[in-house]
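Chain by chain, the residues:
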Amino acid sequence: MAPDILQFILYAVVLTALAWPLGLHLAAVYEGRPTVLSPVLAPVERGILALAGVRAGERQHWTRYALSVLAFSLGSVLLLYAILRLQHLLPFNPQGFAALPPDLAFNTAVSFATNTNWQAYGGETTMSSLSQMAGLTVQNFVSAGAGMAVCAAVIRGFFGREQKVLGNFWVDLTRSVLHVLLPLAILLTLFLVWQGVPQNLVASATATTVEGAQQTLAQGPAASQIAIKQLGTNGGGYFNANSSVPYENPTPLSNFAEMIAILLVPAAFCFMFGRMVRDMRQGVAIFAAMGVLFLAALALTYGSEIAGNPAFAPLPVEQAAGNMEGKEVRFGVGNSALWATATTAASNGSVNAMHDSFMPLGALAPMLLMQVGEVVFGGVGSGFYGMLSFVVLTVFLAGLMVGRTPEYLGKKIEAREVKLAVIAFLVMPFGVLGLGALAAVLPVALASLQDAGPHGLSEILYAYSSATGNNGSAFAGFGANTPYQNAMLGIAMLLGRFATIVPMLAMAGSLAARKSAPASSGTFPTHGPLFVTLLVAVILILGGLTFFPALALGPIAEHVSMLAGRTF
C-alpha cells in the first residue's frame, strides 16, 4: 500500500504544480492578453477569424452566445455523421471498413460532438484512419474547445459589471483550441510517441507469438488522438480495450502522464477563475472542494479494491495484490483505482481497467462522481461551470441559514439564478433515473444486460450516468450497440450537454447585467474552510438524496449480498 499512497501524493503535487501556471495562462488567453505563444499564434488566430468572417472585438448577448454554441454543435453532429456513413467511399481506409449503421453513426456523432466519446464499437475494427483523424480527433479538439469557451463566458458573467454581453463564442472557441489544446496536445503526442505509441497510417502489423502463431496488431494515428482525448477530457479509445492496451499506454511514464493530462485543464480552470475575478482565494476554495471530493472517492475505490474479494476468502486464492480481476498486472490496484477515479471525476471516460470487474463499492464511487454532475473537476470547462451551479445553491442555502440576501462576488443571488441552477442540477436525475427507468423495464432495453440482479441494475445506472454526464466510460458488460440503446443514450448525451449549457449561460447573462456591491460585515465569506465544507456538503447531500435509493438497489445491495455469500 505504501508505494500506492506515495504515488497518489506525487500525483496530487504534480497536478497542482502544473495546473496553477496553466490557469494563469488560460486567464490571459480569454482576457485577450499576450502570452508566451502570442508571437507565433496571434497571427494565426487573426487569419482564422478573418477567414470565418468574425470580428474579434464583437461581443454577444447570452442568447446569441448560446445559439452559436447550439449551431456549431449541430453542424459538428451532421458533419461527423456524414463521415461515418460514407467512410467506405472516402480515402485513408486501408482496412476496408464499411459504413457505420445509421443508429451507431448517430450515437457516435452525438457522442463526440458533446465531448462524451461513448463508444459502442471497437475502434480498430470499425473506424477508418480518415474517420479517426478528420472525424473523431477533430471533434476531440472542437467539442472540448466549445466547453471551455462556454465556461469562459459563464465566468465573465459572474464578475461582469452592468454589461449585456459575455464575449464572442467563435473567438473563445478559436483561442481554446489554438492557444491551449493544440500546444498541449503536440507536446503530449511527442511524449507518447517517445514512449512507444504508434503514430502512422499503417493498417496493421503482423507479429509472431511465443507459441509460433501469427497475431495481427492494429496500428494507425493513435498517439495524436490519445493525447487530445486525455487533455480535452474526451475519453474513448483508439483501440477497443482503451488505455489498458500496450499500444495506447505502454509504460509507467505514459500511464502517469495520461492521468495528469486527464485532470490538468479542468483543475487549471479553478485558478483561471481566481485570476479572472481578481481574488485567487475564490478559485483555491473551489479547487479545495473538488480535491476533498476526489480524495474521498479515491479512498473508497482504492480501499474496496485493495481489500480483495471476500468471496475468495475460504479459497486457496492469494489476494495480497487486491482484486486484480479486469486489471493489468503492470498497473495494479493503485494505478487502476487512481485512473478510474480521475476519469469519472473529469468527465473523461478512458479506462486502464474494466470497471465492470471492480468490487461493488469500488464501482460505486466512480458512478457517484458522474451522477453528481461531473463537477469534481469535470470536463474541460463543463465541470467548472457545473460546479458554479452548486456554488450558487450553496450561497443561497447559506443565506437562508444566516437570514441575509445571498451574495457571491458582490452580486446578489436572486430567485432567477437559483431556479436556473436547479434546472441545471435536475438534468442528471432526469437522464439517469428517468431514461434509466425505461431501460430497466422495456424488454428491448433489458436485452443489453449481461447480468441479473443488482449488478444488472448497476450496468444500467452506469451507462446512463456516463451518457448524461458526458463521461463516456462503460461498465464493459453492457451491450450498448443496439438501435434502442444507441438512440436513447444519444438523447441522454444531448440532454446532459445542452440542457446544462443553456441555463448556465442564462444565469451568467443575468448576473453580468447586475450591479455589484462591496462586501460588508454581514457578507458570507466564500473563500474559507467553512464555505468549502458547505459546498462539499451540498454536493453530497443533493447527490445522496437523489441517487441513494437507486444505488441502494444496485452496488450497495450487491455488496451486502456478496458479504452474505449470495450470488445472482
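Read on for a plain summary of the structure. Every residue gets a number counted from 1 within its own chain, in the order that chain's sequence is written. It should be noted that, the model being predicted, local features are given only for residues of pLDDT at least 70 and side-chain atom pairs only at 80 or more, the latter also being counted only at that level, while totals for whole chains, interfaces and linings use all residues. To obtain the side-chain values, all non-hydrogen atoms of the structure were used and water was disregarded.

One speaks of a salt bridge when a side-chain nitrogen belonging to Lys or Arg is within 4 Å of a carboxyl oxygen belonging to Asp or Glu. Taken as a whole and assessed by the stated rule, the structure comprises 13 salt bridges. In this structure, R33 and E31 form a salt bridge, with 2.7 Å as the shortest nitrogen-oxygen distance. Classification of residues uses two cut-offs on accessible area relative to the type maximum, computed with a 1.4 Å probe and protein chains only: under 20% is buried, over 50% is exposed, and between them is partly exposed. Look at R33 and you get partly exposed, because its relative accessible area is 31%. Its salt-bridge partner being E407, residue K412 comes within 3.6 Å of it at the nearest N-O pair. Residue E407 is classed as buried on the basis of its relative accessible area of 16%. Taken together, the shared-partner salt bridges in this structure form one network comprising E31, R33 and R278.

Turning our attention to the packing of helix α13 (residues 415-441) against helix α17 (residues 529-553). Taken N-terminus to C-terminus, the directions of α13 and α17 make an angle of 5°; their axes are 11 Å apart at the nearest point. Our classification of the angle between α13 and α17 gives roughly parallel. Between α13 and α17, the contacting residues are F425, M428, P429, V432 and L433 on the first element and L542, T546, F547 and A550 on the second. Classes in brief: Ala, Val, Leu, Ile, Met, Phe, Trp, Tyr, Cys and Pro nonpolar; Asp, Glu, Lys and Arg charged; the others, Gly included, polar. Tallied by class, the residues present in the contact of α13 with α17 amount to eight nonpolar, one polar and no charged. Comment: axis = line fitted to C-alpha atoms, over the contacting stretch for helices; angle = value between 0 and 180 degrees taken between N-to-C directions. Each helix corresponds to a stretch of at least 4 residues labelled H or I by DSSP, and each strand to a stretch of at least 2 residues labelled E; elements are numbered beginning at the N terminus. An angle below 35 degrees is treated as roughly parallel, one above 145 as roughly antiparallel, one from 65 to 115 as roughly perpendicular, and anything else as oblique. Should any heavy atoms of two residues lie within 4.5 Å, those residues are considered in contact.

Counting through the fold element by element, A398 comes out in helix α12 (residues 382-402). Measuring from C-alpha to C-alpha, the distance between A398 and L534 comes to 8.1 Å, with 136 residues separating the pair along the chain.

Attention shifts here to the environment of L388. Along the chain, L388 turns up in helix α12. Expressed as a C-alpha distance, the spacing of L388 and G167, which sit 221 residues apart in the sequence, is 18 Å. Apart from residues lying up to four places away in sequence, L388 is in contact with V154, I155, F158, F273, I286 and M504.

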